[in-house]
Amino acid sequence: MEILMEKVREISPKTLAVVGYEADGRFLTRVIEYEEADDYETTFSTQQVMDVTCKAFGISLKGLIEGARMLSRITHKPPIAIDRMSGMYFFPVESPLRKACTWIAHSHVLEIEKIEQHLTRVVFKNGRDLVLEVSYATMINQLYRTAQYRYLLSNKIEDILEASQHIAESKWHKKR
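Okay, so let's go over this structure. (Residues numbered from 1 in each chain as written. Predicted model: local features only at pLDDT ≥ 70, side-chain atom pairs only at ≥ 80, totals over all residues. Heavy atoms only, no water.)

## Quick word on the packing of aromatic side chains
- Scanning the entire structure with this criterion turns up 0 aromatic pairs.
- Just above the ring of Y40 sits the side chain of R9; from NZ or CZ to the centre is 4.1 Å. (Phe/Tyr/Trp six-rings, centres within 6.5 Å; stacked < 30°, edge-to-face > 60°. Lys NZ or Arg CZ within 6 Å of the ring centre and 35° of its normal.)

Laid out in structure tokens, this is it:
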């Protein structure tokens with residue numbers, strides 16, 4: 001597995017999870033990609049990795065979190081939509097303010113399995129899995145909240161697109 005130290009690499013639609021951990025007093029990140037050979041680790045925190053990716057799409061991590069809170073009224077651990085077009089919806093496993101917060105790509109999750117009281121397995125659609133020290137109830141809650149957020153955001157966008165039919169330059173203009 002490649003270890004990156006110089007530059008933060010953006011995550012992509014192929015990213016399954018961004019896993020934070022602390023080692024020797026430093027916050028590090030393991031990025032799990034669709035293909036195991038593409039996995040890598042970085043000396044940057046998950047917060048930094050997520051923020052750099054969000055900024056590449058024109059908004060900060062903080063801005064996405066605040067927007068998600070406003071739209072969904074989810075006050076704790078809100079999911080985010082980095083890019084709706086490519087399906088980059090992520091939900092945090094713990095507080096997104098923590099530098100070692102783990103983020104899961106909602107679009108790649110097949111199922112969540114309870115292993116023990118505070119041990120849960122996330123099974124991804126491609127067969128890969130990830131075991132996390134978090135309760136099954138927390139993971140299921142985050143999975144469902146992200147689905148609800150996607151629904152609310154989709155409805156909001158539909159309303160905007162419908163209103164945009166009155167704009168001559170709109171690419172979304174409905175032909176009659």
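Picking up after the structure, the text goes on.
## Some details on the pairing of strand 6 (residues 88–92)
- With respect to burial, strand 6 is a largely interior element, 5 of its 5 residues being buried.
- Burial along strand 6 is two-sided: the residues M88, F90 and P92 and Y89 and F91 are all buried.
- Of the pairings in the sheet, the one linking strand 5 (residues 80–83) to strand 6 comprises 3 bridges and is antiparallel in character. When the sheet's bridge partners are listed, D83 is paired in strand 6 with M88.
- Linking two consecutive strands that pair antiparallel, namely strand 5 and strand 6, is a turn of 4 residues; a positive phi of about 75 degrees is found at G87 within it.
- In terms of strand pairing, strand 6 meets strand 7 (residues 103–105) through 3 bridges, oriented antiparallel. Of the residues in strand 7, the one forming a bridge with F91 is I104. (Buried < 20%, exposed > 50% of the residue type's maximum accessible area, 1.4 Å probe, protein only. Helix = DSSP H or I, 4+ residues; strand = E, 2+ residues; numbered from the N terminus. Pairing = 2+ DSSP bridges.)

## Structural notes on the layout of surface pockets
- One number sums up the size of the largest pocket: a volume of about 300 Å³.
- Taken together, the elements giving at least two residues each to the lining of the largest pocket come down to helix 2 (61–72), strand 5 and helix 3 (136–163).
- Looking at the lining of the largest pocket, the element that brings in the most residues is helix 3, giving 4 residues.
- Here the residues of the lining of the largest pocket are counted per class, giving 8 nonpolar, 1 polar and 3 charged.
- When its volume is computed, the second largest pocket comes out at roughly 250 Å³.
- Lining the second largest pocket are V19, G20, Y21, V93, E94, R98, A100, T102, V131, L132, E133 and V134.
- Every element with two or more residues in the lining of the second largest pocket is listed here: strand 2 (15–23) and strand 10 (129–132). (1 Å grid on protein atoms, 1.4 Å probe; cavity = no way out; pocket = protein on both sides within 12 Å on 5 of 7 lines; lining within 4 Å. Points joined across faces, edges and corners; volume = space filled by probe spheres on them. Nonpolar A, V, L, I, M, F, W, Y, C, P; charged D, E, K, R; others polar.)

## A look at helix 2
- Its 12 residues give helix 2 an end-to-end C-alpha distance of 16 Å, which sits within 8% of 16 Å, the value for a rise of 1.5 Å per residue.
- Of the residues flanking the end of helix 2, it is R73, one or two places downstream, whose phi is positive at about 65 degrees. (Expected span 1.5 Å × (residues − 1).)

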